[in-house]
Amino acid sequence: MPTYHKPESKTIQELKDIAHKLRIHSITSTQASKSGHPTSCASIAEIMSVLFFNTMRYKISAPRDASSDRFILSKGHAAPILYAAWAEAGLFPTSDLMNLRKIDSDLEGHPTPRLNFVDVGTGSLGQGVAVACGMAYIGKNIDKADYRTYVLVGDGESAEGSIWESLHFAGHYKLDNLCVIFDVNRLGQSEPTSLQHQMEVYRKRLDAFGFNAIVVDGHDVEELCKAFFEASVTKDRPTAIVAKTFKGKHFPNIEDLENWHGKPLGENANGVIEHLQSLIRNGGPLQIAPPSPQKEGAKKVNIGNVQLATPPAYQLGESVATRLAYGTALAKIAMNNDRVIALDGDTKNSTYSDKLRKAFPERFIECFIAEQNLVGVAIGAACRDRTIAFVSTFATFFTRAFDQIRMGAISQTNVNFVGSHCGVSIGEDGPSQMGLEDIAMFRTIPGSTVFYPSDAVSTERAVELAANTKGVCFIRTSRPNTAVLYENNEPFQVGKAKVVKQSANDTVLLIGAGVTLYEALNAATELEKSGVHARVLDPFTIKPIDKEAIVHNAAQCGGRIVVVEDHYKQGGIGEAVLSAVADQRNVVVKHLGVEQVPRSGPPTVLIDMFGISARCIVAAVNDILKM
C-alpha cells in the first residue's frame, strides 16, 4: 500500500493561501452581483483548495476529459467558490468572476453544464451523491478506469432522504473510487441544522452505511491532504470525509453567526477582504500547479447510431405486451452497442429490463426501491457520454423522482426513462400502482420526447429511436397484451403519427394510444354497423405530437376529433391534441380520460367504468355528430 507523505511546509502554506484567495473571490463576485452565498463558500475554502490543487487529477485544457477525476458540488449555492477554483487553476481569467449571475454570463447562481467544467446542474439539494454514485459505478464497473469521483455535500442537505438512498447504494456496491465530503458548518438557511456539530453522530451513521468515515477539521489543510490520501488507498468501501467547518470562516464578526445565509457582505466586505489578505503569506502568482492530468484510462466509446441487432419479428395479430417488447428491444440494442446499460428499481421482472440483465449482467444496475437515487445514478452514468442509460420502473413511481428528472433536463442529460403499468388497465393492483400522471409529468420536462407505442413493433422502434434521441426520453409501456398492428418493417419516426384505419367516408377522427388505440378500433368497428365511418390515428409520440397529421386527418373527417386516453385528463394526450388544433377553425374535440381516482377491479371493467372503453367512445362519437 502506498505510504502517505506529508506535503512540504511551503505547499501547506500555499494551499492555505489559495483557500483565502478563493474566499476573497467569493466575496468580490457576490458583491458585484449583489447576491449569492459567500459564507457558504467560506466554509469549504480549504476543502476546495486541497481538492483542486493537491488531490484531483484533471486537464485544464479538457475539463470533461473522460479519464479525469470528477467533482460534483452538491451544495450548488456555493457556486462562486467552484468558479473561483477553476479560475485560479487557469481555466479562465479571474476577472471573469465579476460576471457572476449576470444575464449574459454562464457563471450562474447555481452551476449548470452551460459551463464546460460542470457535469450536472446542482442546487436542488440532495441529488449530488446519486449522480456521483452513477459516475463512480461506471468508472469501476464499466470503464474499469482509475478516475475518482468526489462530491461535496452540505450538512443541511444531508437531511434529505435521497442522500441516504445514495449512501446505501455506494456502500452496497463498495464504490471505493467515490469520496463524499460533508461540509458540516452547523448552520442551515434559517436556523442551525438538526445535528449541528455532532461529528460522532455523522461518523457512526456513515460507518453503518458501509463507509470509511473520517472526521477532520475542515479548515486544516494538512488533515485534509491526509484524509484524501487515505480515501484514495481505501479498498472495497467508499470514503466519507466529515469536515467540521464554520460558515463564514475567517470573516470577522460574521463567522458562525446566523442570518448570513445567501447574503453578500455589503458594507462588511472591504474589512473582511483586508483581513483575509493579511492572512495570505504569498500574494504573488500561484507557485503550486494543479495535479498532473490523469493518465489515459477511459477508452473512447461510441454511443451514436444505435440499432436493434435484429429487426422486430412478430406476427400480425399476435398478442404481446409492450412492456415485454421493451425488454426484448433493450437486449437487442445492448447486443449492438456495449455502452447500453439498464437500471431498475426492483421491478425488472415486471418491466422486463431483466432481459438485458440475463444477456449482459455486467451492464445491469439494480438500484432497489429508491427511485430518486435510481434516476440520479442514471444521470451520473450518462455523464461525459460514457453510457446509453435506460431506466425502468412502474410509470407512477417516477413521480417521486420528478425533481431529479427536472434537474436532469437542466443537466442536459440523455437518459431514457421507461414506465410500465400505466393507467387503469393494470387492473386489480389498484390506484396506487396506476401511472395516470406520467405523460403530463414528462411532457413538462423541457426538451423531452414522450413515446407511447401501442404494439410490440412500434415499441421496439421506440427503444431504438430513444437511444439515438438527445434529451430526456420517456417510453410508456402497458401491462396488458395487445395485438401486433404493424408489419415488422414498418418505419417509425419521432413526431410522426400513424393512421391505422381509414376510409374515404370517415366523419370522425379517433385518437388513442396503448390500450385505448384498440378501444378506438373496436369502437370504429361498432360504429360501422350503424353506417358511421371513423378514422383511427396512433400518435406514437405524444411530445412532439404530430400536429400536421392531426390537422390534416381532422379536416378530412369534418373537423371532428375524439381523443381517448388511459391517463388523467390533465396534461395527457387530449391536451396535447387540443394544443395542436388550438389555431384551427371548425375543429371540435371530445376528450375522454380518467376523471377521478380509480379503484381495483378487472381491467376491462375499469376501462369501461372510467369512461375510456369502446362503448364510451361510440357514445362520444354519437354526441359529436349531433353538434
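Model, not experiment: these values are computed from the prediction.

Asker: Help me get a handle on the overall build of the protein chain, residues and values and all.
Answerer: A tally of regular secondary structure across the protein chain gives 21 helices and 19 strands. Its C-alpha radius of gyration of 28 Å places the protein chain within 12% of the 25 Å reference for a compact globule of 627 residues. With respect to the three principal axes, the spread of C-alpha positions in the protein chain is 90 × 50 × 40 Å. In the protein chain, which comprises 627 residues, the share counted as buried stands at 61%. When contacts within the protein chain are restricted to residue pairs at least 6 apart in sequence, long-range pairs at least 24 apart make up 79% of them. On the protein chain, roughly 23,600 Å² of surface is accessible, and the fraction owed to carbon and sulfur atoms is 48%.

Asker: Provide a residue-level description of the pattern of salt bridges, including the pertinent values.
Answerer: With the rule as written, the count across this model stands at 30 salt bridges. We note a salt bridge from aspartate 143 to arginine 386, for which the minimum N-O separation is 3.0 Å. With aspartate 143 in the loop between helix H5 (128-142) and strand S2 (149-154) and arginine 386 in the loop between helix H13 (371-382) and strand S9 (388-394), this pair connects stretches of sequence that are 243 residues apart. Across this residue pair, the class does not change: aspartate 143 and arginine 386 are buried. Salt-bridge contacts for glutamate 200 lead to arginine 203; the nearest nitrogen and oxygen are separated by 2.6 Å. Remark: arginine 203 and glutamate 200 occur in helix H7 (residues 199-208); sequence separation between them is three residues, near one turn of the helix. Overlapping salt bridges, with partners in common, bring together Asp143, Arg339 and Arg386 in one network.

Asker: Now, about the packing of aromatic side chains: what can you tell me, with residues and values included?
Answerer: All chains considered together, the criterion is met by 23 aromatic pairs. Ring geometry for phenylalanine 52 against tyrosine 58: centres 5.8 Å apart, planes inclined by 65°, an arrangement best described as edge-to-face. Of the two residues examined, phenylalanine 52 and tyrosine 58, each falls in the buried class. For the pair phenylalanine 169 and tyrosine 173, a centre-to-centre distance of 4.8 Å together with 55° between the ring planes defines the contact as tilted. Members of the aromatic cluster, joined through ring pairs, are Phe52, Tyr58, Phe71, Tyr83, Trp86, Phe92 and Phe117. A cation over a ring is seen here: lysine 498 above phenylalanine 492, with NZ or CZ 5.0 Å from the ring centre.

Asker: Tell me about the packing of helix H10 (residues 322-336) against helix H16 (residues 456-467), and please be specific about residues and values.
Answerer: Put simply, H10 and H16 touch, their axes get as near as 8 Å, and they point 45° apart. Viewed along their axes, H10 and H16 adopt a mutual orientation that is oblique. Handedness of the crossing formed by H10 with H16: right-handed. Only Ala456, Thr459, Glu460, Val463 and Ala467 of H16 make contact with H10, whose side of the interface consists of Thr322, Ala325, Tyr326, Thr328, Ala329, Leu330, Lys332 and Ile333. In terms of residue class, the contact of H10 with H16 is built from eight nonpolar, three polar and two charged.

Asker: Describe in detail the domain arrangement of the protein chain, supporting the description with residues and values.
Answerer: The domain boundaries assigned to the protein chain delineate domain 1 (9-58 + 67-279), domain 2 (318-484) and domain 3 (498-625). Just the C-alpha atoms count here: the centres of domain 1 and domain 2 sit 33 Å apart. Domain 1 puts 27 residues into the contact, and the matching count from domain 2 is 29 residues. Buried area between domain 1 and domain 2, both sides added, is near 2,200 Å², and the carbon and sulfur share of it is 56%. On the domain 1 side of the contact with domain 2, Gln127, Ile142 and Glu165 bury the most area, a combined 22% of that side's loss. Our count for the contact surface shared by domain 1 and domain 2 stands at three salt bridges. For the pair domain 1 and domain 2, the interface holds nine residue pairs in polar contact (both at pLDDT 80 or more). Of all the secondary structure elements, the ones that give two or more residues to the side of domain 1 that touches domain 2 are H5 and helix H6 (161-172).

Asker: Outline the nonpolar core, supporting the account with residue identities and numerical values.
Answerer: Judged by nonpolar contacts, the single largest core of 83 residues is most densely connected at Leu343 and Phe417. Residue contributions to this core peak at nine residues, all from H5.

Asker: I'd love a proper account of the UniProt feature "domain: Transketolase-like pyrimidine-binding" (unreviewed entry) in the protein chain, names of residues and values included.
Answerer: Within this numbering scheme, the UniProt entry marks residues 320-484 as carrying the feature "domain: Transketolase-like pyrimidine-binding" (unreviewed entry). Along residues 320-484 the backbone is 39% helical and 19% strand, and the end-to-end C-alpha distance reaches 7 Å.

Asker: Quick rundown of the side chain of histidine 567? Include the residues and the values.
Answerer: Tracing the sequence through the fold places histidine 567 in strand S18 (residues 560-568). Taking relative accessible area as the criterion, histidine 567 reaches 0% and is therefore assigned buried.

Asker: Tell me about the sheet that holds S9, and name the residues and values.
Answerer: Sheet architecture is open: seven strands sit in the order S8-S7-S9-S10-S12-S11-S17, paired in mixed fashion. Each edge of the open sheet is held by one strand with a lone partner, namely strand S8 (364-366) and strand S17 (541-543). Averaged over all pairs of adjacent strands, the angle between strand axes in this sheet comes to 20°, irrespective of strand direction. Summarising the sheet, S9 and strand S10 (residues 416-420) pair through five bridges and their orientation is parallel. When the bridges of S10 are listed, valine 391 appears paired with phenylalanine 417.

Asker: Could you give an account of the sheet that holds strand S16 (residues 534-538), with specific residues and numbers?
Answerer: Taken together, five strands build an open sheet; the order of strands is S14-S16-S15-S18-S19 and the sheet is mixed. Only two strands of the sheet have a single neighbouring strand rather than two, namely strand S14 (498-501) and strand S19 (588-594). Taken over all neighbouring pairs, the strand axes of this sheet differ in orientation by 25° on average, direction set aside. Contacts from helix H17 (residues 515-528) reach S14, strand S15 (508-512), S16 and S18, with the element oriented near 170° to S16. Strands S14, S15, S16 and S18 of the sheet are contacted by helix H18 (residues 547-556), whose axis makes an angle of about 175° with S16.

Cut-offs used in this document
Residues numbered from 1 in each chain as written. Predicted model: local features only at pLDDT ≥ 70, side-chain atom pairs only at ≥ 80, totals over all residues. Heavy atoms only, no water. Helix = DSSP H or I, 4+ residues; strand = E, 2+ residues; numbered from the N terminus. Rg over C-alpha atoms; globule rule 2.2 N^0.38 Å. Buried < 20%, exposed > 50% of the residue type's maximum accessible area, 1.4 Å probe, protein only. Contact = heavy atoms within 4.5 Å. Areas by Shrake-Rupley, 256 points an atom, 1.4 Å probe, with all protein chains shown as cover. Salt bridge = Lys/Arg side-chain N within 4 Å of Asp/Glu carboxyl O. Phe/Tyr/Trp six-rings, centres within 6.5 Å; stacked < 30°, edge-to-face > 60°. Lys NZ or Arg CZ within 6 Å of the ring centre and 35° of its normal. Axes fitted to C-alpha atoms, helices over the stretch in contact; angles between N-to-C directions. Parallel < 35°, antiparallel > 145°, perpendicular 65-115°, else oblique. Left-handed = near helix turned anticlockwise from the far one by under 90°. Nonpolar A, V, L, I, M, F, W, Y, C, P; charged D, E, K, R; others polar. Domains from an automatic or database assignment. Buried area = accessible area lost by both parts, 1.4 Å probe. Polar contact = N/O pair within 3.5 Å; in protein donor to acceptor, adjacent residues only side chain to side chain. Core = buried A, V, L, I, M, F, W, Y, C linked by side-chain atoms within 4.5 Å. UniProt positions renumbered as here; feature names shortened; annotations may be inferred. Pairing = 2+ DSSP bridges.

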